[in-house]
Each structure stands twice: as C-alpha cells, then as structure tokens.
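Residue-level structure breakdown
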Amino acid sequence: MTTQDLIMKYAIGMHKRFTLKQKEMFIRVAAKEFSDMGYQVKANTGKHKRTRSINLMVGDVSHADTLVIANYDTPQHNFGNPMKYYPFNGVQTFVSSFLPIYAPMIIGSVLMLWILMYQLPNLDFQGDLWMSLLWPAIFIVCAIVTPVMTMGVANKVNFNRNTSGVVALMALAGELNKEQRKKIAFVLSDNGCRNHGGDYLLRETLGDALDQKLVIMLDCVGDGETLVVGYKEASEQEAKELQGCFQVRPKRHLCPKEDLRYTSFSFYPKALLLARGNFYNDVLMVEHVSTNKDTNCDEQAIGELVKGLKKYCA
C-alpha cells in the first residue's frame with residue numbers, strides 16, 4: 001500500500017479515533033495491515049484514571065533495541081479560538097489550549113449562574129407560564145450541552161494530528177527488511193490527546209526494560225515548513241546521527257525536562273521526537289489541530305521522513 005493509499009484510508013476512511021468503538025475498529029484494521037506485512041501483532045489494553053486505552057504492539061516489542069511510537073487517537077473538536085499545539089512544550093500547549101477547549105464550559109457556566117441568580121428566583125408560572133418554562137429549560141440544556149461540547153465531540157478532520165504519524169510509522173514498517181525487524185518494533189499508542197493512558201500502559205507492560213530502549217516518536221509530521229528532531233540529553237548522539245540521515249537536514253532541539261510536562265515524550269528517558277511545523281518566536285508550532293482545518297498530510301514530507309528513518313535503521 002502506497003503512502004497516498006494510507007493517507008486516504010486513515011485520514012478519510014477512518015478519520016475519527018475518539019470513542020472506544022472507533023479505536024477498536026482502527027486496531028483491528030491496523031493489526032491486519034501489519035500482519036499482511038509479516039509482523040506479529042498484539043493488542044494490549046488497560047485503564048488509567050478510569051479511561052481505557054488500547055495499544056497495538058507490532059514486532060518483537062520486548063526484545064527490540066528501538067521502538068517507533070505514534071499516538072493514533074484523535075482529539076476533541078475545538079469550539080473556541082483556534083488552539084496552537086507545541087510538540088516540544090507541553091506547558092505552552094496546555095496554556096494555549098485551555099481557553100479554546102473550555103470556552104463552551106466557561107460561557108455555559110456564566111449563563112447558568114446568571115439564570116440561577118436573576119431568573120429562577122423570579123419565575124411566575126401563573127402570570128407568565130412560557131417564560132417560566134423557558135428559563136429552566138435553557139438551564140438544563142446548558143448543563144447537558146456544555147460538558148459535551150467541551151470534551152465529548154470528536155474532531156472530524158485529523159490529517160496531521162496524528163494520522164500523519166500513523167501513516168509514517170506504517171510506511172516505515174513496510175520498508176524494513178528481515179534483519180532490521182529484529183532490532184526495531186512499533187507501537188501505536190492510545191490517548192496521546194488526553195491523559196497519555198497508552199504511554200502509562202506501555203510502561204506497565206515493559207517495566208524498566210523500556211528505559212534501555214531508544215524510542216522514536218512521530219507526532220504531527222505531515223504539515224509545516226520545518227522538520228525538527230527533539231531530543232533529551234541522554235539521546236543527543238542519536239539525534240545527531242538521525243539528523244545526518246536526511247538529505248535536507250532537520251533542525252535539532254534539546255528539550256528541557258520542565259517543558260515536557262503533559263507530553264508523551266516525557267515518559268521515555270532515551271528518546272527522539274520528530275515533528276513538523278512552523279517556527280514562531282523560535283518555537284515550533286503546529287496549527288489547525290482540533291479543527292476542521294487540519295486538512296494536510298503532505299505525501300512528500302512523509303516520504304522524506306520515512307527515507308531518513310530507514311537509512312538510520314540500516
């Protein structure tokens with residue numbers, strides 16, 4: 001299957017991976033995809049903070065030296081101002097996303113408080129029946145709709161976050177030979193857009209052995225002018241080696257520990273993170289996530305990424 005076929009299949013055919021049912025269907029389809037490539041596959045499930053996560057482990061995850069990981073879940077829809085996503089700075093992402101995500105909850109709460117304080121005490125069912133029914137009805141609708149709009153509505157268009165990472169991972173898996181497959185395994189992890197339940201699950205599954213593996217994460221690699229290799233101090237040499245495998249060298253970025261709160265990258269001590277976006281004030285930013293404008297997964301960018309990763313894995 002070509003890269004374009006993968007984009008069509010997972011960005012259009014299975015464009016939402018938000019509910020448990022949608023994720024289960026994706027895992028079944030993706031597992032068959034990898035099985036047809038000759039990989040052993042295993043779905044692993046667990047709970048973190050009452051949220052169930054499903055990871056798909058591909059290849060010999062326990063014994064591989066390198067794990068290539070991509071979050072496969074898709075985010076909730078943003079009804080507020082367009083949020084900005086910073087792959088290398090979870091704190092900035094949290095600050096940027098707070099108002100866009102929670103705007104419906106804030107507006108609904110203010111409206112409910114106003115109704116509670118100024119309208120409900122003055123209801124007159126005998127003198128004005130319709131208005132006396134209207135205000136309680138609005139209050140109830142707000143109480144139901146605002147939480148749903150805040151966290152319960154799936155974004156419909158998710159070409160870049162993180163279908164691009166899924167497509168790149170699958171394309172790379174299809175390129176590796178028999179010897180490379182002994183050293184490299186893959187994980188499609190769940191809830192990267194929420195509570196990182198998939199990362200907790202992987203750590204529970206592999207334990208301390210995970211700390212000895214090199215983890216390469218693929219996050220929003222399909223849109224933007226600049227490809228960046230993020231790294232930690234423990235993986236600086238690997239970042240330099242990976243950078244040298246690209247015809248057009250990506251930038252390198254050392255990620256301070258304090259910037260990695262609320263990120264999947266923070267779970268892995270020896271890790272690299274590849275992301276693509278645009279620089280604003282010397283910070284890599286990914287635009288249009290969680291909106292219907294997340295419409296680009298550049299086939300050429302994915303191809304260049306896979307080519308560089310394949311060379312690194314040789």
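Everything in this summary refers to the structure shown in the same document. Since the structure is predicted, the reported quantities are computational estimates derived from the model, not experimental observations. In this convention, every chain numbers its residues from 1, walking through the sequence in written order. In keeping with the model being predicted, local features are shown solely for residues with a pLDDT of at least 70 and side-chain atom pairs are shown and tallied solely at 80 or more, while totals for entire chains, interfaces and linings include all residues. Only heavy atoms go into the side-chain values, all of them from the structure, while hydrogens and water stay out.

A word on the packing of aromatic side chains. Pairing of aromatic rings covers Phe, Tyr and the six-membered ring of Trp, with a centre-to-centre limit of 6.5 Å; geometry is then stacked below 30 degrees between planes, edge-to-face above 60, and tilted otherwise. Under the counting rule described, the total for this entry stands at ten aromatic pairs. Measuring from ring centre to ring centre gives 5.2 Å for F94 and Y262, while their planes differ by 25°; the resulting arrangement is stacked. Here the residue F94 occupies a position in helix 3 (residues 90–119), and Y262 occupies one in the loop between strand 7 (251–254) and strand 8 (271–280), the gap between them amounting to 168 residues. Judged by its relative accessible area of 44%, Y262 is partly exposed. Seen from their ring centres, F267 and Y268 are 6.4 Å apart, and the 45° between their planes marks the pair as tilted. Per-residue accessibility, obtained with a 1.4 Å probe over protein chains only, is compared with the maximum for each type, and a residue is labelled buried under 20%, exposed over 50%, and partly exposed between these values. The exposure class of Y268 is buried, given its relative accessible area of 1%. Through pairs of rings, three or more aromatic residues link up here, namely F94, F98, Y102 and Y262. Its guanidinium or amino end placed over the ring of Y85, R161 lies 4.0 Å from that ring's centre, counting from NZ or CZ. Directly above the aromatic system of F265 lies the positively charged group of K232, at a separation of 4.9 Å from the ring centroid. Each helix is a run of DSSP H or I of at least 4 residues and each strand a run of E of at least 2, with the numbering of both proceeding from the N terminus. Consider the ring centre and the ring normal. A charge sits over the ring if Lys NZ or Arg CZ is within 6 Å of that centre and within 35 degrees of that normal.

Only residues above 30% relative accessible area that lack a salt bridge enter a patch, with like-charged residues linked at up to 9 Å and the nonpolar side chains Val, Leu, Ile, Met, Phe, Trp and Tyr linked at up to 5 Å. Accessible surface area values rest on a Shrake-Rupley calculation with a 1.4 Å probe, where residue burial reflects the displayed protein chains alone. What makes a salt bridge here is a side-chain nitrogen of Lys or Arg within 4 Å of a carboxyl oxygen of Asp or Glu, nothing more. A contiguous nonpolar surface patch, about 850 Å² in accessible area, is contributed by F94, V95, F98, L99, Y102, I106, V110, M151 and Y262. A per-element tally of the nonpolar patch places helix 3 first, with seven residues. Within the secondary structure, M151 sits in helix 4 (residues 129–151). On the accessibility criterion, M151 (38% relative accessible area) is partly exposed.

By the element assignment, T93 lies in helix 3. Residues T93 and D282, spaced 189 residues apart in sequence, show a C-alpha to C-alpha distance of 15 Å. In this structure, T93 is in contact with K84, Y85 and Y86, ignoring residues within four places of it in sequence. Two residues form a contact once any of their heavy atoms are found within 4.5 Å.

The nonpolar side chains of a soluble globular protein tend to be buried with one another. With 51 residues, the main nonpolar core has F186, L188, L218 and L274 as its most contacted residues. For this core, the element with the highest residue contribution is helix 5 (residues 159–175), accounting for nine residues. In this structure, A64, L206, A271 and L273 belong to the second largest nonpolar core, which totals 23 residues. We call a set of buried residues a nonpolar core when its members are Ala, Val, Leu, Ile, Met, Phe, Trp, Tyr or Cys and they connect through side-chain atoms within 4.5 Å of each other.

With that settled, the discussion passes to helix 2 (residues 20–36). Working rule for helices: expected span equals 1.5 Å times residues minus one. Its 17 residues give helix 2 an end-to-end C-alpha distance of 24 Å, which sits within 8% of 24 Å, the value for a rise of 1.5 Å per residue. Taken together, the buried positions of helix 2 are K23, F26, I27, A30, A31, E33 and F34. Each buried residue of helix 2 sits inside an arc of 155° when the element is viewed along its axis, so together they form one side. Among the exposed residues of helix 2, those pointing more than 90 degrees away from its buried face are K21, R28, K32 and D36. Check the buried side of helix 2 and you find it contacts helix 1 (3–13), strand 1 (41–48), strand 2 (51–58), helix 5 and strand 4 (184–189). Positive phi appears at G38, one or two residues downstream of helix 2, with a value of about 100°. Summarising the geometry, the arc corresponds to the directions from the helix axis toward the C-beta atoms.

Here we come to the layout of surface pockets. Estimated volume of the largest pocket: approximately 830 Å³. Of all the secondary structure elements, the ones that give two or more residues to the lining of the largest pocket are helix 3, helix 5 and strand 5 (214–218). Residue contributions to the lining of the largest pocket peak at seven residues, all from helix 3. Among the residues making up the lining of the largest pocket, the classes are represented as 18 nonpolar, 15 polar and four charged. The method works on a 1 Å grid over the protein atoms by themselves. A cavity is a set of points holding a 1.4 Å probe that cannot get out, a pocket is an open set with protein on both sides within 12 Å along at least five of seven lines, and residues with an atom within 4 Å of a point line them. Grid points are joined across faces, edges and corners, and a volume is the space filled by probe spheres set on the points. Roughly 260 Å³ of volume is contained in the second largest pocket. Around the second largest pocket, the lining comprises 15 residues; the ones closest to its centre are F246, Q247, V248, R276 and E304. For the lining of the second largest pocket, the secondary structure elements donating two or more residues are strand 6 (226–231) and helix 9 (299–313). Side-chain classes follow a simple rule in which Ala, Val, Leu, Ile, Met, Phe, Trp, Tyr, Cys and Pro form the nonpolar group, Asp, Glu, Lys and Arg form the charged group, and the remainder, Gly included, forms the polar group.

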